Amino acid sequence: MTGFFSEDTSVETVNARMGADIDPRMAEVFAAVIKHTHALVKEIGLTQAEWEQVIGFLTATGQICSDERQEFILLSDVMGLSMLVDAINNRRPEAATENTVLGPFHVAGAPERAMGETISLDGKGESCLFEGRVLDLDGQPIEGARIDVWSDNADGFYDVQQPEVQPKWNNRGVFTTGADGAYAFRGIKPVSYPIPDDGPVGKLLAALGRHPYRPAHIHFIVTAPGFDTLVTHTFAGEDDYLTSDAVFGVKQSLVAPYERREDGAETTWRSPFDFSLTRV
Ligand code: BEZ
Ligand code: FE
């Protein structure tokens with residue numbers, strides 16, 4: 001007799017229940033989910049108590065989610081799944097700037113700022129001039145490219161994490177290139193910081209003997225008509241966490257120069273970086 005469930009036939013039995021007229025991609029994806037999850041359970045000999053722990057973990061992950069917090073994306077990030085999906089969906093020629101994870105702290109609608117303006121509104125941290133050009137793959141400047149930028153403050157927090165402490169839109173801004181494709185703005189040299197680790201994902205990292213830190217970086221979304229959207233960061237070299245980013249976002253090509261300058265008693269920095277976009 002067929003259709004009954006057994007350990008040996010579990011995959012075939014479950015997948016045979018799908019209707020004949022369902023969306024083919026749905027059928028393909030769900031069949032693979034069943035194949036791989038059943039294989040996982042069999043491979044590790046999952047115990048009942050462990051399964052209850054998994055259910056408890058997923059329940060807590062859902063319960064902590066809100067309009068401000070997305071713990072499932074954080075889980076995907078620390079499992080390397082966000083970066084894997086990103087890599088598969090953004091295969092680019094070598095000359096193009098690489099993508100990396102968006103993260104939870106982008107806020108749409110940041111103020112449009114004039115070229116050269118500062119994004120740092122709290123007066124903290126070491127000043128850094130970020131500058132470069134937005135180019136196509138032939139090295140030609142792209143006019144009208146929009147650079148949406150955000151970074152943490154000198155204490156390692158984004159403005160949205162400290163609405164009572166930081167000025168609104170601190171370390172955020174949007175810049176639009178002219179005919180030379182050039183951009184320039186002042187910010188601060190970013191610092192490394194922990195991803196939110198006071199929830200289930202933080203507990204998971206601790207149980208795995210992993211730290212929650214990201215190496216110092218500044219985020220960019222670069223868009224231009226006729227070009228693919230670039231979601232990326234640049235990283236400061238010589239950061240302790242460069243090779244152990246909690247969310248696997250680092251790519252060698254995104255480690256930018258940070259040139260130190262002594263301006264009297266003050267230390268300031270310059271970080272030059274060009275963005276190269278692919279055509280749609
Ligand atoms: C971030 O860089 O802002 C970030 C990315 C992934 C998870 C948490 C934070
Ligand atoms: Fe970040």
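Our subject is the structure listed above.
Residues numbered from 1 in each chain as written. Chains lettered and ligands numbered in written order. Predicted model: local features only at pLDDT ≥ 70, side-chain atom pairs only at ≥ 80, totals over all residues. Heavy atoms only, no water.

## Some words on the pairing of strand S4 (residues 182-188)
Regular strands have side chains that alternate between both faces of the sheet. Counting buried positions along S4 yields five of seven residues, so the element is predominantly enclosed. In this structure, strand S1 (residues 127-136) lies alongside S4, joined through seven bridges in antiparallel fashion. Residue pairing for S4: glutamate 131 is matched across the bridge by alanine 184. (Buried < 20%, exposed > 50% of the residue type's maximum accessible area, 1.4 Å probe, protein only. Helix = DSSP H or I, 4+ residues; strand = E, 2+ residues; numbered from the N terminus. Pairing = 2+ DSSP bridges.)

## With respect to the pattern of salt bridges
All told, the structure shown has 12 salt bridges when counted by the stated rule. Notably, a salt bridge pairs arginine 279 with aspartate 136, separated by 3.1 Å at the nearest N-O pair. Highlighted residues: arginine 279 in the segment after strand S12 (275-277) and aspartate 136 in strand S1, separated in sequence by 143 residues. Close ionic contact of aspartate 159 with arginine 172 constitutes a salt bridge, the shortest N to O distance being 2.7 Å. Taken together, the residues span a long stretch of sequence, with aspartate 159 in the loop between strand S2 (146-150) and strand S3 (172-176) and arginine 172 in strand S3 at a distance of 13 residues. No difference in accessibility class separates aspartate 159 from arginine 172, as the two residues are buried. Connected via shared salt-bridge partners are Arg69, Glu71 and Asp198. (Salt bridge = Lys/Arg side-chain N within 4 Å of Asp/Glu carboxyl O.)

## Section: helix H2 (residues 24-44)
If you check H2, its first and last C-alpha atoms are 31 Å apart, about what 21 residues at 1.5 Å a residue would give, namely 30 Å. Regarding H2, its N-cap is aspartate 23, as a side-chain oxygen of that residue lies 3.2 Å from the backbone nitrogen of arginine 25 further along. After H2 finishes, the residue glycine 45 shows a positive phi value of roughly 60°. (Expected span 1.5 Å × (residues − 1). Polar contact = N/O pair within 3.5 Å; in protein donor to acceptor, adjacent residues only side chain to side chain.)

## Here we look at the environment of valine 160
When you line up the elements, valine 160 lands in the loop between S2 and S3. For the pair valine 160 and histidine 106, spaced 54 residues apart in the sequence, the C-alpha separation amounts to 9.3 Å.

## Things to note about the site of ligand 1
Taken together, the residues surrounding ligand 1 are Leu74, Asp77, Gly103, Pro104, Phe105, Tyr158, Tyr193, Ile195, Arg214, His217, His219 and Val247. Contacts to ligand 1 include tyrosine 193, whose side-chain N or O atom sits 2.7 Å from an oxygen atom. Residue arginine 214 places a side-chain N or O atom 2.5 Å away from an oxygen atom belonging to ligand 1. When isolated, ligand 1 has an accessible area of 260 Å², and the protein chains bury 100% of it. Those elements that provide at least two residues to the shell around ligand 1 are helix H4 (71-78) and strand S7 (217-223). In terms of residue class, the shell around ligand 1 is built from seven nonpolar, three polar and two charged. (Near = heavy atom within 4 Å. Areas by Shrake-Rupley, 256 points an atom, 1.4 Å probe, with all protein chains shown as cover. Nonpolar A, V, L, I, M, F, W, Y, C, P; charged D, E, K, R; others polar.)

## Describing the sheet that holds S3
With respect to topology, five strands assemble into an open sheet ordered S3-S2-S7-S8-S9, the strand pairing being mixed. Edge positions in the sheet fall to S3 and strand S9 (255-256), since each of these pairs with one other strand and no more. For S2 and S7, the ladder comprises five bridges, and the chain directions are antiparallel. Across the sheet, the residue bridging to isoleucine 147 is valine 222, located in S7.

## A closer look at the coordination of the iron ion (ligand 2)
Only Tyr158 (OH), Tyr193 (OH), His217 (NE2) and His219 (NE2) from the protein coordinate the iron ion (ligand 2), and they sit 1.9 to 2.1 Å from it. Coordination geometry of the iron ion (ligand 2): the six donor atoms subtend angles of 54 to 166° at the metal centre, consistent with an arrangement described as irregular. Donor residues for the iron ion (ligand 2), ordered by position in the chain, follow Y-x34-Y-x23-H-x1-H. Placement of the pair is tyrosine 158 in the loop between S2 and S3 and histidine 217 in strand S7, with a sequence separation of 59 residues. The burial state of tyrosine 158 is the same as that of histidine 217; both residues are buried. (Donors = N, O, S within 2.8 Å, 3.2 Å for Na, K, Ca; no water. Tetrahedral: all angles 85-135°; square planar, octahedral: opposite > 155°, others 65-115°.)

## Side note on the side chain of threonine 97
Note that threonine 97 resides in the loop between helix H5 (81-89) and S1. Here the side chain of threonine 97 touches serine 276 through a polar contact of 2.7 Å, landing on its backbone nitrogen. Filtering out sequence-adjacent residues up to four positions away, threonine 97 remains in contact with Arg92, Leu230, Thr232, Leu254, Phe273, Asp274, Phe275 and Ser276. (Contact = heavy atoms within 4.5 Å.)

## Brief notes about unusual backbone geometry
At asparagine 171, a residue that is not glycine, the phi angle is positive and equals roughly 60°. Following the sequence through the fold, asparagine 171 ends up in the loop between S2 and S3.

Don't take any of this as a statement about function, it's just geometry.
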